[in-house]
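# Chain and residue survey
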Amino acid sequence: MIEVNNLKKSFGDFEALKGVSFKVPKGKVFSLLGSNGAGKTTIIKIITGLLKPTMGDVYIDGDLYDGNSVIKNRFGYMPEHPHLYDRLTGREFLEMNAHLRGMDDSKVDENIHRFGNELGIYDVLDSEMGAYSKGMKQKILFINAVIHDPPNLILDEPTSGLDPRYTRYIKNKIRDFAIEGKAVLMSTHITSVAAEISDQIAVINGGKIIAKGPPQELMDNTKKSSLEEVFIEVVKDG
Ligand code: ATP
């Protein structure tokens, strides 16, 4: 379970987050949907410990998270922008992180083999990542987030840069992970992705949640037939 209470974040005089609270229970997919600059990545960076909030708390499985490495192992994180080491191979990068998380060699090999094949990058895993395309880097980041089978997943724009086939794969995997009992928090600005796989959606605008609920409920409440129309309507009213 992932929970945030009253998160606020200022950068100088600019208030990027103005008090954001939500809970992602086990077995559910919760999407942060927002326009560019709405505050999604700031929320995610605070949850993962990369940014300190000005105010507010983060709980992982009920425990206050303050960067503690035991709690850190309970989630997998896929960042929005790949910052990968160009001179490492995909396999070296995945193995290094998996070992830091205490995984044993045979499980690491098994999972790299499985996810590498499912994502169609197994054959390039021994090439340096500097030569990878954007989509290949996204796939490496996805494998890195899920390789240790964490109970919580935090995925920032997980389908960004992927072609329709692998976008479908990631969407299916996210649903499967929820069925297995994981709590999945993701951000996206693609309304169709959010509508298809989310149990709950929080629309973020100007650093606040301006609408929250299951996709169908959001459509019913606003009398709109698609999440895209809901989004345009609620963002207009701010
Ligand atoms: P996108 O969909 O474009 O990635 P987002 O919803 O993830 O957007 P954030 O990256 O969280 O948005 O940014 C929220 C706001 O905070 C933006 O106005 C951004 O310019 C600002 N911001 C984020 N990081 C910093 C920083 N380090 N210093 C100053 N302002 C920042």
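Details of the structure are given in the entry above.
Below or above, wherever it landed, is the structure these notes cover. (Residues numbered from 1 in each chain as written. Predicted model: local features only at pLDDT ≥ 70, side-chain atom pairs only at ≥ 80, totals over all residues. Heavy atoms only, no water.)

## Section: a nonpolar patch on the surface
Test applied: Here the term patch refers to residues with relative accessible area over 30% and no salt bridge, with like charges joined within 9 Å and nonpolar side chains (Val, Leu, Ile, Met, Phe, Trp, Tyr) within 5 Å. Throughout, the Shrake-Rupley method with a 1.4 Å probe supplies accessible areas, and for residues the shown protein chains are the sole cover considered. Any Lys or Arg side-chain nitrogen located within 4 Å of an Asp or Glu carboxyl oxygen qualifies as a salt bridge. Buried means the residue's accessible area, taken with a 1.4 Å probe over protein chains only, is under 20% of the maximum for its type, while exposed means over 50%, and partly exposed covers the values in between.
On the surface, a cluster of nonpolar side chains totalling about 350 Å² of accessible area is made up of Tyr-85, Met-96 and Leu-100. Met-96 sits in the partly exposed class, given a relative accessible area of 36%.

## Quick notes on the side chain of His-148
Basically, it comes down to this: To qualify as a helix, a DSSP run of H or I must reach at least 4 residues; to qualify as a strand, a run of E must reach at least 2; elements of each kind are numbered from the N terminus. Contacts described as polar in this section are N or O atom pairs within 3.5 Å, which, within protein, must combine one atom able to donate a hydrogen with one able to accept it, while residues neighboring in sequence count only if both atoms come from side chains.
Tracing the backbone shows His-148 in the loop between helix 5 (134-146) and strand 7 (152-156). For His-148, the side chain forms a polar contact with the main-chain oxygen of Phe-75, separated by 3.3 Å. Reaching out from His-148, the side chain makes a polar contact with the side chain of Arg-101 at a distance of 3.4 Å.

## Considerations on the pairing of strand 10 (residues 208-213)
Consecutive residues of a regular strand have side chains that alternate between opposite faces of the sheet. Stated precisely, the cut-off is as follows: DSSP bridges decide pairing: two strands pair if at least two such bridges lie between them.
Taken together, the 5 bridges between strand 9 (residues 200-205) and strand 10 define a ladder with antiparallel strand orientation. From the neighbouring strand, Val-203 faces strand 10, where its bridge partner is Ala-211. Hairpin connection from strand 9 to strand 10: 2 residues lie between these consecutive antiparallel strands, with Gly-206 at a positive phi of about 55°.

## Some points on the pattern of salt bridges
The full count for this structure, using the stated rule, is 11 salt bridges. Glu-196 is the salt-bridge partner of Lys-171, the closest N and O atoms lying 2.8 Å from each other. Taken together, the residues span a long stretch of sequence, with Lys-171 in helix 6 (residues 164-180) and Glu-196 in helix 7 (residues 191-197) at a distance of 25 residues. Judged by relative accessible area, which is 11%, Lys-171 ranks as buried. Between Asp-199 and Arg-175 there is a salt bridge whose closest N-O contact spans 3.2 Å. With Asp-199 in the loop between helix 7 and strand 9 and Arg-175 in helix 6, this pair connects stretches of sequence that are 24 residues apart.

## Section: the sheet that holds strand 8 (residues 183-188)
In any sheet, the strands associate via hydrogen bonds between backbone groups, in a parallel or an antiparallel arrangement. Spelled out, the test is: Only the stretch in contact is used when fitting a helix axis, every axis being a line fitted to C-alpha atoms; angles between N-to-C directions are given from 0 to 180 degrees. It only takes one pair of heavy atoms within 4.5 Å for two residues to be counted as in contact.
The strand order across the open sheet formed by 6 strands is 6-7-8-3-9-10, and the pairing between neighbours is mixed. Of all strands in the sheet, those bounded by a partner on one side alone are strand 6 (75-78) and strand 10. Taken over all neighbouring pairs, the strand axes of this sheet differ in orientation by 15° on average, direction set aside. Across 4 bridges, the pairing between strand 6 and strand 7 is parallel. By the bridge assignment, Phe-75 is partnered in strand 7 with Asn-152. Its contacts with the sheet put helix 5 on strand 6 and strand 7, and the angle it makes with strand 6 is roughly 170°.

## Thoughts on the packing of aromatic side chains
Basically, it comes down to this: Here is the rule: rings of Phe, Tyr and Trp (six-membered ring for Trp) pair when centre to centre is within 6.5 Å. Planes less than 30 degrees apart are stacked, more than 60 are edge-to-face, and the remainder are tilted.
For the structure on display, the rule yields 5 aromatic pairs. Seen in terms of ring centroids, Phe-22 and Phe-30 are 4.7 Å apart; in terms of plane orientation they differ by 15°. Their pairing is stacked. Judged on exposure class, the residue Phe-22 and its partner Phe-30 are both buried. With 5.5 Å between their ring centres and 85° between their planes, Tyr-65 and Phe-75 make a pair best called edge-to-face. Taken as a pair, Tyr-65 in the loop between strand 5 (63-64) and helix 2 (69-72) and Phe-75 in strand 6 lie far apart in primary sequence, 10 residues in all. For the residue pair Tyr-65 and Phe-75, the accessibility class agrees, reading buried in each case. One aromatic cluster is present, formed by Phe-142, Tyr-169 and Phe-177 through successive ring pairs.

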